[in-house]
Amino acid sequence: MRDVEAKMERLFARQLALASRPDGHLDIAALARMVRSSYEEAERDRLRTDRAMDLMAAELEGANAELERLLRNLSIQNLRFEAALANMPHGLAMLDAEERIVVVNARLGELLGLPDGVIVPDAKLEDLVAAASARGFCPGQGAQEATRDMRRSLLSGGAAEIERMAGGRTLLLSSRRMEGSGCVLLVQDITERRAQQARIAHLAQHDALTGLPNRAHFLARIDQALARAQRGEGFALFCLDLDRFKQVNDTLGHPIGDLLLKEVTARLRTTLRDTDMVARLGGDEFAIIQDLARQPPDTAALAQRIVEVVSAPYLINGHRIVVGTSIGIALAPADGAAADTLLKAADLALYRAKADGRGIWRFFEPAMDARMQERRSLEIALRDALEQESFTLLYQPLLEVGSLRVSGFEALLRWRQPDGTLTLPASFIPLAEETGLIVQIGEWVLRQACRTALSWPEQMSVAVNVSAVQFRHARFVEQVREALSGSGLAPYRLELEVTETIMLQDSAVVIAQLNRLRALGVRIAMDDFGTGYSSLSYLRSFPFDTIKIDRSFVRDLDARGDARAIVSAIVGLGESLGMRTTAEGVETEAELAGLRRVGCSDAQGFLFSHPIPPEDVPGFLATSAKTFPAAAAE
Ligand code: C2E
Ligand code: MG
Ligand code: MG
């Protein structure tokens, strides 16, 4: 305003000067004009100023509004920030350069177990740690120590894990330096994460079903035990598997099998000492490390106890189950200096135990290894034999005792060796059964026997031996059907000889299988009758066509009254059940006479013929027609 007045003053002064005439009078008109124009000029100035003022006011208002908006945003941000702080799962504190708390959330107090009133504005880090220590933070550490540790970890700007919290919790403390000065401290509860990691580590080392250490873990433990064994603390390694476990699984189902394994585990655990260790290597295989350093060497006694404990009957879901166990034992360090050699030694001993009759235990002996090598090469040779058709069948005649007419032949397997000798089945069938090769070998026998029998006189049958392993095989019935259709042999001319061992499996499944075979039209004989221990009950469960009386009874027929009584009883049983009875291994006329007396229907044995190659069958039939009827007429 003062500017305007000064300007006006200057203007008036100038105009006065201009309006002054030389005569010293004022030119009023000129003055009036000048005053008006000055006035107009001043008015224009005022207008300009007003406009500028308005503009400024408007700008100011805009700036104010913006400021308000920013403030509003800031308080929203603040609310959000506080909500985030209050609700975050981590504890957080911001400390200034003097280690005073600038910002903190309630979670921090919870995690450190701080009582109310500790976290106040300007609280210092050391007060906080001292209060937390008093509440069990870092047990075993004094407040000063804990503060020092905490400070060190804060300064490092890294992370520190504090495992030993009150209540068994684990906290993870991490800190970060802030730009300028001070730092941010974050505290997380990682108890659950650690527990999860521990669970995963446990799973990797343990068997999920039984909770026992698994093979990998067990091998590591053997290694540790071996290291101790170097210092003279020996141990015994047991390998065991369950006898008949597969049967339980097959007949009662896997859930029952699983429960059985758990029950076996529980029994093993209670049998062992704390210093021993049991693991599950897979399936029904278990292994044990028996520490021999801290107890008297009672390895055999432990083995015996395990056999007894595991073999006691189980009651699972209403099923009474009986399984046994066989055990192989290796001693460290004598039997091996590495985990795998020791395990192999114990395995070999286990194999021996099973071969020697199951339900027993065997210590490893070096000779077992050699025997195993032999077995392995035999297995390879058997596979080759199948491929190269080195098997051959011999045929042994079966004769009716009354007429001595040949009713058929039994096919007997031989393995032809490169030097032309024939190996008997007893030396390779058990291995073929164990390895499962018997399924293919048996299939070959069936086809070959059916094809050969087709060339014989119509009324003559062929008997084929069937192993229990082959009988159990899912495709067995199919194999028989194919052998018949492939050869064109009438089904009634084929007789399948099964032994009592098939009956050791679940009888309902076995009977169903026998019925399927019967439905094909083939006949079924019970071979080696009398050698099993509940032979009679088997006869009740399925209507066999023929009972083959084992050679052991026939041999004693002559000399022993009890044998005669047994054969006579079997024959009587057969008659009443409508089954034929064939005596095996008849070697003498006296035996034949005895069989005739008790009324046995058929006979087979060296008396009539050894097993012969198929090309000799026609010749045999031709001569037997002449020879035996004469004998029959005696
Ligand atoms: P098996 O079925 O009881 O066969 C009778 C065995 O007694 C045969 O032995 C036969 O040669 C022998 N034998 C016959 N008559 C006499 C005799 O008067 N005295 C004596 N001491 N022995 C006699 P082989 O051929 O050694 O067969 C032994 C066993 O091998 C057979 O017993 C049978 O269980 C099994 N076998 C034979 N061939 C096969 C086959 O193709 N498959 C299967 N799974 N097993 C077979
Ligand atoms: Mg037989
Ligand atoms: Mg027999």
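Residues numbered from 1 in each chain as written. Chains lettered and ligands numbered in written order. Predicted model: local features only at pLDDT ≥ 70, side-chain atom pairs only at ≥ 80, totals over all residues. Heavy atoms only, no water.

**Student:** Now, about the pairing of strand 11 (residues 324–332): what can you tell me, with residues and values included?
**Tutor:** With 8 of 9 residues buried, strand 11 is to be regarded as a mostly interior element. Here strand 6 (residues 235–243) runs beside strand 11; their pairing, made up of 9 bridges, is antiparallel. Residue Asp241 lies in a different strand from strand 11, and its bridge partner there is Ser326. Here 3 bridges tie strand 11 to strand 12 (residues 361–363), and the two strands are oriented parallel to one another. Residue pairing for strand 12: Ile327 is matched across the bridge by Trp361. With helix 11 (residues 339–355) bridging strand 11 and the parallel strand 12, this β-α-β connection has left-handed handedness. (Buried < 20%, exposed > 50% of the residue type's maximum accessible area, 1.4 Å probe, protein only. Helix = DSSP H or I, 4+ residues; strand = E, 2+ residues; numbered from the N terminus. Pairing = 2+ DSSP bridges. Right-handed = clockwise from strand over helix to strand, strands pointing away.)

**Student:** So what about unusual backbone geometry? Which residues, and what values?
**Tutor:** Omega for the bond connecting Ala332 with Pro333 falls within 30 degrees of zero, at 5°, which places this linkage in the cis form. Structurally, the position occupied by Pro333 is in the loop between strand 11 and helix 11. Positive phi outside glycine occurs at Asn317, with the angle close to 50°. Despite not being glycine, Leu404 shows a phi value in the positive range, around 55°. You can see Leu404 is positioned in the loop between strand 13 (391–400) and strand 14 (406–416). Relative accessible area serves as the criterion here: at 2%, Leu404 is assigned to the buried category.

**Student:** Go over the side chain of Gln604 with me, naming the residues and quoting the values.
**Tutor:** Looking at the secondary structure, you find Gln604 in the loop between strand 21 (602–603) and helix 22 (617–633). Under the relative-accessibility criterion, Gln604 is labelled buried at 3%. The contacts of Gln604, once residues within four sequence positions are left out, are Gln396, Pro397, Leu398, Glu410, Lys548, Thr582, Ala583, Glu584, Gly585 and Val586. (Contact = heavy atoms within 4.5 Å.)

**Student:** With reference to specific residues and values, describe the nonpolar core.
**Tutor:** Of all hydrophobic cores here, the largest spans 78 residues; its most connected members are Val480, Leu494, Leu496, Leu514, Leu517 and Phe544. Ranked by residues supplied to this core, first place goes to helix 14 (residues 438–453) with 9 residues. The contacts of Leu494, once residues within four sequence positions are left out, are Leu446, Cys450, Val462, Val464, Val480, Leu484, Leu489, Val522 and Arg523. With 27 residues, the next largest nonpolar core counts Phe238, Val264, Ile306 and Tyr314 among its residues. (Core = buried A, V, L, I, M, F, W, Y, C linked by side-chain atoms within 4.5 Å.)

**Student:** Give a detailed account of the coordination of the magnesium ion (ligand 2), specifying residues and quantitative values.
**Tutor:** In this structure, Glu410 (OE), Asn465 (OD1), Glu497 (OE) and Asp527 (OD) serve as the protein donors to the magnesium ion (ligand 2), at separations of 2.0 to 2.2 Å. Here the magnesium ion (ligand 2) and the magnesium ion (ligand 3) are spaced 4.1 Å apart, linked through Asp527, which binds each one. In this pair, Asn465 is assigned in strand 16 (residues 461–465) and Asp527 in strand 18 (residues 523–529), connecting sequence segments 62 residues apart. For Asn465, a relative accessible area of 29% puts it in the partly exposed group. Looking at Asp527, the relative accessible area reads 5%, which means it is buried. (Donors = N, O, S within 2.8 Å, 3.2 Å for Na, K, Ca; no water.)

**Student:** Before we move on, could you go through the coordination of the magnesium ion (ligand 3) and cite the residues and values that matter?
**Tutor:** Working reference: metal with six octahedral donors, ideal angles 90 or 180 degrees; metal with four tetrahedral donors, ideal angle 109.5 degrees. Within the first shell, the magnesium ion (ligand 3) binds the protein through Asp527 (OD), Asp528 (OD), Glu584 (OE) and Glu584 (OE), at distances of 2.0 to 2.6 Å. All donors to the magnesium ion (ligand 3) come from one chain, and their sequence spacing reads D-D-x55-E. Taking relative accessible area as the criterion, Asp528 reaches 25% and is therefore assigned partly exposed.

**Student:** Can you tell me about the site of ligand 1, naming the residues and giving the values?
**Tutor:** Around ligand 1 there are 22 residues in total, and Arg414, Asn465, Asp527, Glu587 and Phe606 lie nearest to it. The side chain of Glu587 places a nitrogen or oxygen atom 2.6 Å from a nitrogen atom of ligand 1. When isolated, ligand 1 has an accessible area of 790 Å², and the protein chains bury 81% of it. Those elements giving two or more residues to the shell around ligand 1 turn out to be strand 14 and strand 18. The element that contributes the greatest number of residues to the shell around ligand 1 is strand 14, accounting for 4 residues. Tallied by class, the residues present in the shell around ligand 1 amount to 9 nonpolar, 5 polar and 8 charged. (Near = heavy atom within 4 Å. Polar contact = N/O pair within 3.5 Å; in protein donor to acceptor, adjacent residues only side chain to side chain. Areas by Shrake-Rupley, 256 points an atom, 1.4 Å probe, with all protein chains shown as cover. Nonpolar A, V, L, I, M, F, W, Y, C, P; charged D, E, K, R; others polar.)

**Student:** Any details on the domain arrangement of the chain? Residues and values, ideally.
**Tutor:** If you check the domain split of the chain, you get domain 1 (2–66), domain 2 (88–195), domain 3 (206–364) and domain 4 (392–633). With centres defined by C-alpha atoms, the gap from domain 3 to domain 4 works out at 41 Å. (Domains from an automatic or database assignment.)

**Student:** Any details on the pattern of salt bridges? Residues and values, ideally.
**Tutor:** Applying the stated criterion across every chain, the model contains 32 salt bridges. For Asp45, the salt bridge goes to Arg48, with nearest N and O atoms at 2.5 Å. You can see Asp45 and its partner Arg48 sitting in helix 2 (residues 28–87), 3 residues apart, about one turn around the helix. Put simply, Glu443, Arg447, Arg475 and Glu482 are held in one network by salt bridges that share partners. (Salt bridge = Lys/Arg side-chain N within 4 Å of Asp/Glu carboxyl O.)

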